[in-house]
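# Architecture at a glance
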Amino acid sequence: MLIEEVIERLNEGQKLEELAEQLGMSPTQLKLKLTNAAVEYDEKSFEWVYRGIVKEKSLTRDITKTIKRLKEDKPYIKVKENRRDYGDENRDKYLTLFRDYLEIHQDSLTEKKTFFLTENLYYTIKELSKEKSMKINVLVNLLLKMGLDHYGIGIKQNSEGD
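Residues numbered from 1 in each chain as written. Predicted model: local features only at pLDDT ≥ 70, side-chain atom pairs only at ≥ 80, totals over all residues. Heavy atoms only, no water.

### Details of the overall build of the protein
When you go through the protein residue by residue, the secondary structure sums to seven helices and two strands. Reading the secondary structure of the protein in the N-to-C direction produces α-α-α-β-β-α-α-α-α. Within the span of the protein, comprising 162 residues, buried residues form 30% of the whole. When contacts within the protein are restricted to residue pairs at least 6 apart in sequence, those whose partners lie at least 24 apart make up 55%. About 11,900 Å² of surface is accessible on the protein, with carbon and sulfur atoms providing 52% of the total. (Helix = DSSP H or I, 4+ residues; strand = E, 2+ residues; numbered from the N terminus. Buried < 20%, exposed > 50% of the residue type's maximum accessible area, 1.4 Å probe, protein only. Contact = heavy atoms within 4.5 Å. Areas by Shrake-Rupley, 256 points an atom, 1.4 Å probe, with all protein chains shown as cover.)

Listed below in structure tokens is the structure:
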């Protein structure tokens, strides 16, 4: 499947995860290939768009093959900077996050609950969990606890003391 077809399907409403599965790759791999082709999701128009200058050359490549950055597209590709190398302040934040993560007793997370997240928030949490090798349910639990603490909301105990 060509990159231009992938963009078309995504803009028609097909989910990135679903399309990635059909193509035999992970959503992260598909997103990386699109990024390498100077394609990104535009938050304002809510569409996937090509940002480069050689549309014909870039978008007619097979997405199932290796997608290398074209020299003409490089100025238009936003490379996600590695936060670990982004200064002491962020390193300290991630160290604190990791220490707090380790303090959560994973066996206490027994209740399965369903709630909805925006797609961007979900991908952010999912990528953070992969990047930091943390279980996503433990990470979500920690982030919710930290959010409640931030707003000064105490965590209620149920009648069974959980």
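### With respect to the nonpolar core
Among the nonpolar cores identified, the biggest contains 23 residues, and Ile3, Val6, Leu30, Leu34, Val39 and Ile63 are the most heavily contacted of them. Sorting the residues of this core by element identifies α1 (3-11), α2 (16-23), α3 (27-36) and β2 (47-50) as the ones contributing at least two each. For valine 39, the contacting residues outside a window of four places in its chain are Ile3, Ile7, Leu34, Trp48, Val49, Tyr50 and Leu59. Among the nonpolar cores identified, the runner-up in size contains 11 residues, and Tyr101, Ile104, Val138 and Val140 belong to it. (Core = buried A, V, L, I, M, F, W, Y, C linked by side-chain atoms within 4.5 Å.)

### A closer look at the layout of surface pockets
Where empty space is left can be seen by rolling a probe of water-molecule size over the atoms. There is about 1,300 Å³ of room inside the largest pocket. As for the largest pocket, its lining consists of 29 residues, and the residues nearest its centre are Leu109, Glu111, Lys113, Asn141 and Leu144. Contributing elements (two or more residues each) for the lining of the largest pocket: α6 (119-131) and α7 (136-150). Looking at the lining of the largest pocket, the element that brings in the most residues is α7, giving seven residues. Within the lining of the largest pocket, the residues separate by chemical class into 12 nonpolar, eight polar and nine charged. As a volume, the second largest pocket reaches approximately 1,100 Å³. A total of seven residues in the lining of the second largest pocket trace back to one element, the largest contributor, which is α3. When grouped by side-chain class, the residues that make up the lining of the second largest pocket number 15 nonpolar, nine polar and 12 charged. (1 Å grid on protein atoms, 1.4 Å probe; cavity = no way out; pocket = protein on both sides within 12 Å on 5 of 7 lines; lining within 4 Å. Points joined across faces, edges and corners; volume = space filled by probe spheres on them. Nonpolar A, V, L, I, M, F, W, Y, C, P; charged D, E, K, R; others polar.)

### Overview of the confidence of the model for the protein
Per-residue confidence for the protein gives a mean pLDDT of 83, with 89% of residues at or over 70. For the protein, helix α5 (residues 88-103) is the element with the lowest average pLDDT, namely 72, and α1 is the one with the highest, namely 95. Every residue in residues 81-86 is under pLDDT 50, and counting partners more than four places away or in other chains gives eight contacts. (pLDDT = per-residue confidence, 0-100.)

### Focus on the pairing of β2
As paired strands, strand β1 (residues 39-42) and β2 are joined by four bridges and run antiparallel to one another. Bridging across to β2, aspartate 42 finds its partner in glutamate 47. Between β1 and β2, which pair antiparallel in sequence order, lie four residues; one of them, phenylalanine 46, sits at a positive phi of approximately 60°. (Pairing = 2+ DSSP bridges.)

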